[in-house]
Amino acid sequence: MILKMDQLPIELPVPTNPSANNAAAVQELLGGKFGEMSTLMNYTFQSFNFRGRKKLRPFYDLICSIAGEEYGHIEVVAYTTNLLLTGTSKRGMDPTTTPLANGVDARNTSHFIASGQSALPMDSMGRFWSGENVFNSGNLKLDLLHNFFLECGARANKMRVYEMVDTPTARTMVGYLLVRGGLHVVAYAKALEKLTGVEVTKLLPIPDLSNDKFPEAKKFMEQKLHLQLYTFSQNDYKQAGLIWNGPHPEDGQECVVIEGAIPGHTPPDLDEEPQLNAPGADDFDPQMFADMAKKMGIDYKY
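A few points on the structure. A quick note: this is a predicted structure, and the numbers were derived from the prediction, not measured.

### A word on the overall build of the chain
Okay, so step 1: When helices and strands are tallied, the chain shows eight helices and two strands.
Okay, so step 2: Scanning the chain from its N terminus toward the C terminus, one meets helices and strands in the order α-α-α-α-α-α-α-β-β-α.
Okay, so step 3: Over its C-alpha atoms the chain spans a radius of gyration of 21 Å, differing by no more than 12% from the 19 Å that the globule rule assigns to 302 residues.
Okay, so step 4: A buried classification covers 49% of the 302 residues belonging to the chain.
Okay, so step 5: Here the contacts in the chain between residues at least 6 apart in sequence split such that 77% fall between residues at least 24 apart.
Okay, so step 6: For the chain, the accessible area works out to roughly 15,500 Å², and carbon and sulfur atoms hold 53% of it.
Okay, so step 7: Considering the chain, the positive charge centre built from 28 side chains and the negative charge centre built from 36 side chains are found 8 Å apart.

As structure tokens, this is what we get:
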């Protein structure tokens, strides 16, 4: 089960120059073949379908811990997309003024037609994510090898998106994911080493570019987020520490497991977009809930 928290793993700066085309590029990191939808669903189904769990518990715990983190990665990419889209159309209730005219020139018109100017589970070209991207052979070596490849591919795409967009919103998000995704690369490499004896970490980094080259990533590395594997569970998955230990191959610092989730930050409160009828609840009176909350002793603010 997933314990969901109304938080993001990092604080995202609000863009001063929103861009629908930048948002389209960022979409690749959400719904592309190597995006966060793929990492979440690959590891989730591998954890559901894991056979021989009692004997191979440390590998199961590792996959479950990483799967738990990927949900938050989907959220942070989605919020980045949403922030980049906020302010890219003309707000108002008069449809005759073509308030969505800018959407015609956007690379991904689905953001203006199929959603409330917000993220969708699709890639940078508007192709929707598919369950065909899930690989779960049932063979532990093969699945771990696939996961290692998947994380390396994801890392390559993050670097390229970083080089495409210069907004601090996107670069902060990509820098964070380079560090956390980089941890997952090393984690699966260490798992393969424990299982087979092959020194997979000697292949790293793939692509051959240190996270230190990215200022936003370096900031998170200084916080040691490349060393800390979180279980994303209150009581379970502790045996992941039997795999995630020893020196990190990049800087030699000790890898550690931390029980629970990464400390979070309040997600941005996205503005209403009346021209998109989003959320389209203009008749709602929040005072009604405020009165109910007062009677029930619940804290309610609006």
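On we go.
### Details of the packing of aromatic side chains
Okay, so step 1: Evaluation of the coordinates by the stated rule reveals nine aromatic pairs.
Okay, so step 2: Taking 5.5 Å as the distance between ring centres and 70° as the angle between the ring planes, the aromatic pair formed by F50 and Y60 counts as edge-to-face. In this pair, F50 sits in the loop between α2 (36-48) and α3 (57-85) while Y60 sits in helix α3, placing the two residues 10 residues apart along the sequence.
Okay, so step 3: F50 sits in the buried class, given a relative accessible area of 13%.

### Observations concerning the packing of helix α5 (residues 140-164) against helix α6 (residues 168-196)
Okay, so step 1: For the pair α5 and α6, interaxial distance at closest approach is 9 Å and the crossing angle is 160°. By the criterion of interaxial angle, the relationship of α5 to α6 is roughly antiparallel. Like other packed secondary-structure pairs, α5 and α6 cross with a definite hand, here left-handed.
Okay, so step 2: Class assignment of the residues belonging to the contact of α5 with α6 gives a composition of 17 nonpolar, four polar and five charged.

### Focus: the state of the cysteines
Okay, so step 1: Under the defined criterion, the tally for this structure stands at zero disulfides.
Okay, so step 2: As a non-bridged cysteine, C64 has C255 as the owner of its nearest cysteine sulfur, 20 Å distant.
Okay, so step 3: Given a relative accessible area of 4%, C255 falls into the buried group.

### Side note on unusual backbone geometry
Okay, so step 1: For the bond running from I206 to P207, omega is -10°, close enough to zero to count as cis.
Okay, so step 2: Considering the arrangement of structural elements, one finds P207 in the loop between α6 and α7 (215-222).
Okay, so step 3: For the bond from A278 to P279, the omega torsion is 10°, close enough to zero to count as cis.
Okay, so step 4: Topologically, P279 is positioned in the loop between β2 (256-258) and α8 (286-296).
Okay, so step 5: Look at T98: it is not a glycine, yet its phi comes out positive at around 45°.
Okay, so step 6: Structurally, T98 is set in the loop between α3 and α4 (110-113).
Okay, so step 7: Of note, Y237 is a non-glycine position whose phi angle comes to about 65°, a positive value.
Okay, so step 8: Within the element layout of this structure, Y237 appears in the loop between β1 (228-230) and β2.

Parameters and conventions
Residues numbered from 1 in each chain as written. Predicted model: local features only at pLDDT ≥ 70, side-chain atom pairs only at ≥ 80, totals over all residues. Heavy atoms only, no water. Helix = DSSP H or I, 4+ residues; strand = E, 2+ residues; numbered from the N terminus. Rg over C-alpha atoms; globule rule 2.2 N^0.38 Å. Buried < 20%, exposed > 50% of the residue type's maximum accessible area, 1.4 Å probe, protein only. Contact = heavy atoms within 4.5 Å. Areas by Shrake-Rupley, 256 points an atom, 1.4 Å probe, with all protein chains shown as cover. Lys, Arg positive; Asp, Glu negative; His and termini not counted. Charge placed at Lys NZ, Arg CZ, Asp CG, Glu CD. Phe/Tyr/Trp six-rings, centres within 6.5 Å; stacked < 30°, edge-to-face > 60°. Axes fitted to C-alpha atoms, helices over the stretch in contact; angles between N-to-C directions. Parallel < 35°, antiparallel > 145°, perpendicular 65-115°, else oblique. Left-handed = near helix turned anticlockwise from the far one by under 90°. Nonpolar A, V, L, I, M, F, W, Y, C, P; charged D, E, K, R; others polar. Disulfide = S-S within 2.5 Å.

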